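Listed here are the chains, written in short residue letters.
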Amino acid sequence: MEQGNYQICSRCVMDTTAQEITFDENGVCSFCHFFDEKIKPDWHRDKSGYQKLQKIVKKIKDYGKNKEYDCIIGISGGVDSSYLTYFAKKILGLRPLVFHVDGGWNSELAVKNIENLIKKLDIDLFTYVVDWEEMRDLQLAFFKSGVANQDVPQDHAFFAMLYKYATQYNIKYVLTGGNLATESILPASWGYNAMDLKHLKAVHKCFGQVKLKTFPTVNFFQYYFYYPYIKGMVIVRPLNYIPYVKSEAMQFLEKEVGWRYYGCKHGESRFTNFFQTYFLPVRFGYDKRKAHLSSLILAGQMTRDEALKELQRPLCDEKAIEEEKIFVSKKLGITVDKFETFLTMPKKTFKDYPSNYRLLQLLRLISDIKRQVRYKWLK
Amino acid sequence: MLKNRVIPCLLLQNQGLVKTIRFKEPKYVGDPINAIRIFNEKEVDELIFLDIIASKVGRSPNFEILQNIVGECFMPLCYGGGISRLEDIQKIFSLGVEKISINSFALKNIDFIKQASEIFGSQSIVVTIDVKKNFLEKYKVYDHTRNKITDIDPVEFAITTQEMGAGEILLNSVDRDGTQGGYDIDLITKITNVLSIPVIAMGGAGKIDDFVDAVKKGNASAVAAGSMFVFHGKHRAVLITYPEYQELEKRLV
């Protein structure tokens, strides 16, 4: 990007590294407008939100009356899912089964956090370990493809297995730590939908070598129709109904369950940490902190000045990241020199490979129309 | 360091780690590099790493995997699996492994223990003895390469290996493997009573109390465990854990 065209939002800290960004006459970005118009009106963190959540909780409890578990929670060892687990069990009085997908990149902090949490809360844990040889091959294929979203294999496996397991064991309610307080902004241009199996398979077909025999997948039909409409699976994001403050949640967890922080958002996975603090900014110029910090600004949990100050800090410790580069290369079964070529090879986007992008756009359009019609009816 | 070492034991099957129950039903538990890295960060004193396929199919150790593992491993490592030549041992030590374990090949050629200990020193040669009860409830040495209970008496065999120069015995109960129901204290006692070299108890650990029993009742010098460090709870969820050092120190005084 040319320096002269650079612009940063006057309200949050999103900038022109997100290609789709536009600015109004006051220099406020399109992400802020999207937040004000589409997200904020439906986001209630006050009493009314909590009352809404209570209604959902009652439904979950009624559903799970004679069952061993009334809901399932996907956990990574990170702050959001850890806090959600505590909140669900201790505050909401639910009986969750905690589910973890091990993609081969767990940090010691992640496993220790999960251990402390489930022991302290006396919750049952179930894990699924993805076959490393298949995972390695798929991740390597994504690097070779040149696209930005290198987290697709991990994210896809995680949700595919979570949903599969939930339906297999007849658990209808899936609770996730996804939340608007820290994730309301995420530029589409920085990545691509990890749940698009057509895209995942296309990339693997071009660059993969190992057959994906056991790798957990979820296809378009299953994700958008089978699970929600046929199996009646409901995804609940409880943290969106409460004034969730990440920094307070971390302090709370540290005190209550001996939880420990791992340095950055999604740092619980060694791969995601490396990908977000090194690969993505170095190769594509995308600094995901901008989206996270902007989300916090819009949620009223941080000032713009604080966010700008935070952005001044280096993304990573240079010495540590060099060691991580060696580790990541070794895990992927390639030399560091080979890995370096992934940093400089021609950039590609998901559009360079087959995907369900058009289908997804159509689905979004239908859902927008449905929402507008609903509003009109309500009025 | 603890007075009695508490050693995680990892089993390699092809490229990945598994955990068995009574030497059967191998369950995949992940990638060796990541597991070792996590144990590193947990500051584990020592690690045992056994390739459970190598001898069965008659191949040498996988030196490539071993090299990757040693590169990540900050604690002393004992490797076992597929060792049948002195050159293999030489090569393994040159990679930075501290101890090697010989199991099935000791049953075929006991002199190999003598040769190995004379060249490399007793302190680095461990003999693993798998023991299983036969239909008469008698302890016998088990040969995992043939899936067979042999006629060999484990007490006599342990004495012989000591005489041949083994520096340490890794005593594994096949019947207790993966059950987490406690060590076979009777078996451990039988062996520790007749040996002067250290015995590492393995097979059946499920809680810290089991370590205490193996050490205090069975006189084991060290304890090893697999399931206890890789599984958690009733769903046998794969989760790498290691007890708090202070807790072990307190219990194993």
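Residues numbered from 1 in each chain as written. Chains lettered and ligands numbered in written order. Predicted model: local features only at pLDDT ≥ 70, side-chain atom pairs only at ≥ 80, totals over all residues. Heavy atoms only, no water.

**Observations concerning the overall build of chain B**
Cut-off, in case you're wondering: A run of H or I in DSSP counts as a helix once it spans at least four residues, and a run of E counts as a strand once it spans at least two, with each numbered from the N terminus. What the globule rule says is 2.2 Å times the number of residues to the power 0.38, and the radius of gyration is computed from C-alpha atoms. Summary of the burial criterion: residues with accessible area below 20% of their type's maximum are buried, those above 50% are exposed, and those between are partly exposed, where the area comes from a 1.4 Å probe applied to protein chains only. For this analysis, residues touch if any pair of their heavy atoms sits within 4.5 Å. Per-residue and other accessible areas follow the Shrake-Rupley method at a 1.4 Å probe size, with only the shown protein chains counted as cover for residues.
Helix and strand content of chain B: 11 helices and 14 strands. Here the C-alpha atoms of chain B give a radius of gyration of 17 Å, agreeing with the 18 Å that 2.2 N^0.38 yields for 253 residues. With the C-alpha coordinates aligned to their principal axes, the bounding extent of chain B is approximately 40 × 40 × 35 Å. The 253 residues of chain B split such that 60% are buried. The long-range fraction of contacts in chain B, counting pairs at least 24 apart against all pairs at least 6 apart in sequence, stands at 65%. On chain B, roughly 10300 Å² of surface is accessible, and the fraction owed to carbon and sulfur atoms is 48%.

**Focus on the packing of helix 5 (residues 132-145) of chain A against helix 6 (residues 152-168) of chain A**
All names here are of chain A. Applied cut-off: Each axis is a line fitted through C-alpha atoms, and for a helix only the stretch in contact is used; angles between axes span 0 to 180 degrees, taken between their N-to-C directions. Should an angle lie under 35 degrees it is considered roughly parallel, over 145 roughly antiparallel, and from 65 to 115 roughly perpendicular; all remaining angles are considered oblique. Nonpolar residues are Ala, Val, Leu, Ile, Met, Phe, Trp, Tyr, Cys and Pro. Charged residues are Asp, Glu, Lys and Arg, and all others, Gly as well, are polar.
Running from N to C, helix 5 and helix 6 cross one another at 135°; their axes reach a closest spacing of 9 Å. When the interaxial angle is binned, helix 5 and helix 6 end up oblique. The residues of helix 6 that touch helix 5, namely those facing Met135, Leu138, Gln139 and Phe142, are Val152, Pro153 and Gln154. Looking at the contact of helix 5 with helix 6 residue by residue, the classes come out as five nonpolar, two polar and no charged.

**Description of the sheet that holds strand 4 (residues 173-175) of chain A**
All names here are of chain A. Inclusion rule: In this description, strands pair whenever DSSP reports at least two bridges between them.
Strands sit in the order 3-2-1-4-5 across an open sheet of five strands; the sheet is parallel. Edge positions in the sheet fall to strand 3 (125-129) and strand 5 (234-236), since each has one partner strand and no second. Taking each pair of neighbouring strands and ignoring which way they run, the sheet shows an average axis angle of 25°. As paired elements, strand 1 (residues 71-74) and strand 2 (residues 96-102) share four bridges and run parallel to each other. Bridge pairing in strand 2 places Ile73 opposite Val98. The strands touched by helix 2 (residues 47-63) within the sheet are strand 1, strand 4 and strand 5, with strand 4 carrying the most contacts at an inclination of about 130°.

**Observations concerning the packing of aromatic side chains**
Defined as follows: Centres within 6.5 Å are what make two rings of Phe, Tyr or Trp a pair, Trp counting through its six-membered ring; a difference in plane orientation under 30 degrees is then read as stacked, over 60 as edge-to-face, and the rest as tilted. Ring-over charges, as used throughout, are those where CZ of Arg or NZ of Lys falls within 6 Å of the ring centre and within 35 degrees of the ring normal.
Taken as a whole and judged by the stated rule, the model has 47 aromatic pairs over all chains. A ring pair is formed by Trp105(A) and Phe271(A), whose centres lie 5.2 Å apart and whose planes are at 45°; its orientation type is tilted. With Trp105(A) in the loop between strand 2 and helix 4 (108-121) and Phe271(A) in helix 11 (residues 270-284), the pair connects residues that are 166 residues apart, well separated along the chain. The residues Trp105(A) and Phe271(A) share a single accessibility class, namely buried. A ring pair is formed by Phe105(B) and Phe112(B), whose centres lie 5.0 Å apart and whose planes are at 85°; its orientation type is edge-to-face. Under the relative-accessibility criterion, Phe112(B) is labelled buried at 3%. Sitting above the plane of the Phe327(A) ring, Arg270(A) keeps its charged end 4.2 Å from the centroid.

**A closer look at the interface of chain B and chain A**
Our working definition: Two parts placed together each lose some accessible area under a 1.4 Å probe, and adding up what both lose gives the buried area. Only one rule defines a salt bridge in this text: a Lys or Arg side-chain nitrogen within 4 Å of an Asp or Glu carboxyl oxygen. Any N or O atom pair separated by 3.5 Å or less is treated as a polar contact, with the protein-specific requirement of one donor-capable and one acceptor-capable atom, and with residues adjacent in sequence counted only for side-chain atom pairs.
Contacts between the two partners involve 23 residues from chain B, matched on the other side by 28 residues from chain A. Between chain B and chain A the total buried area reaches about 2200 Å² when both faces are included, carbon and sulfur atoms providing 55% of it. Of all residues in chain B, Tyr28(B), His235(B) and Leu239(B) bury the most surface against chain A, accounting for 24% of the area lost on that side. Inspection of the chain B/chain A interface yields eight salt bridges. Of the charged contacts in the structure, one is a salt bridge between Glu244(B) and Lys112(A), with a shortest N-O distance of 3.0 Å. On the surface where chain B and chain A come into contact, there are 13 residue pairs in polar contact (both at pLDDT 80 or more). Elements that contribute at least two residues to the side of chain B that touches chain A include exactly strand 3 (24-30), helix 1 (32-41), helix 3 (63-72) and strand 14 (237-238) of chain B. When residues of the side of chain B that touches chain A are assigned to their parent elements, the largest contribution, five residues, is made by helix 1 of chain B. In terms of residue class, the side of chain B that touches chain A is made up of eight nonpolar, eight polar and seven charged.

These results come straight from atomic positions and should not be treated as a statement about function.
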